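# What the coordinates show
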Amino acid sequence: LLVFRAQMAGISEAQMHRYEYFRRSGIKKAKMDKLITAYDPGLTKLLDKDSFLIALNGVAKVFVGEMVEAGKEVMQDRDEDGPLKPHHLREAFRRYKRDGRFPGSEMASWNSFL
């Protein structure tokens, strides 16, 4: 907790605003239900459990954060500045899959997720 407070003391007001927005962000339950049902209708049994949706929402939030960070890396690699654009995120996701960090990609294995 002390390390966290020390880190928070050294950030700018703009960074604090982004952090607060990140903390409040999330995917709405109805939207998550719809996504899960579209992916695998057999998972609807788990949708009744709030703990499953909370965990899944957390995983989704982390994934989005990783894509944004990877998109920023793409911008740095290309010596670009400004806001992220869709082509930055597409390239970030392509790299994510290439590196085997996404289930179903060539190099991914379930061992990396355990």
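Procedures and definitions
Residues numbered from 1 in each chain as written. Predicted model: local features only at pLDDT ≥ 70, side-chain atom pairs only at ≥ 80, totals over all residues. Heavy atoms only, no water. Helix = DSSP H or I, 4+ residues; strand = E, 2+ residues; numbered from the N terminus. Expected span 1.5 Å × (residues − 1). Buried < 20%, exposed > 50% of the residue type's maximum accessible area, 1.4 Å probe, protein only. Arc of directions from axis to C-beta. Contact = heavy atoms within 4.5 Å. Phe/Tyr/Trp six-rings, centres within 6.5 Å; stacked < 30°, edge-to-face > 60°.

## Section: helix H6 (residues 86-98)
Over its 13 residues, H6 runs 18 Å from end to end, which matches the ideal 18 Å to within 8%, given 1.5 Å per residue. All buried positions along H6 are accounted for by His 88, Glu 91, Ala 92 and Tyr 96. Each buried residue of H6 lies within a common arc of 145° when the element is viewed along its axis, so the set occupies one face. The outward face of H6, more than 90 degrees from its buried face, is lined by the exposed residues Pro 86 and Arg 90. Buried residues along H6 sit in contact with helix H5 (50-77).

## A look at the side chain of Glu 91
Turning to its location among the elements, Glu 91 is positioned in helix H6. Leave out the neighbours within four places in its chain, and Glu 91 touches Val 74 and Arg 78.

## Side note on the packing of aromatic side chains
The description of two aromatic rings rests on the distance between their centres and on the angle between their planes. With the rule as written, the count across this model stands at 2 aromatic pairs. Pairing Phe 63 with Phe 93 gives two aromatic rings, centres 6.4 Å apart and planes at 90°, and the pair type is edge-to-face. Of this pair, Phe 63 sits in helix H5 while Phe 93 sits in helix H6, and the two are 30 residues apart along the sequence. Note on Phe 63: relative accessible area 27%, which makes it partly exposed. On the basis of relative accessibility, which here comes to 26%, the residue Phe 93 falls in the partly exposed class. Judged by centre distance (5.5 Å) and plane angle (75°), the rings of Phe 63 and Tyr 96 are edge-to-face. One end of the pair, Phe 63, is in helix H5; the other, Tyr 96, is in helix H6, and 33 residues separate them in sequence.

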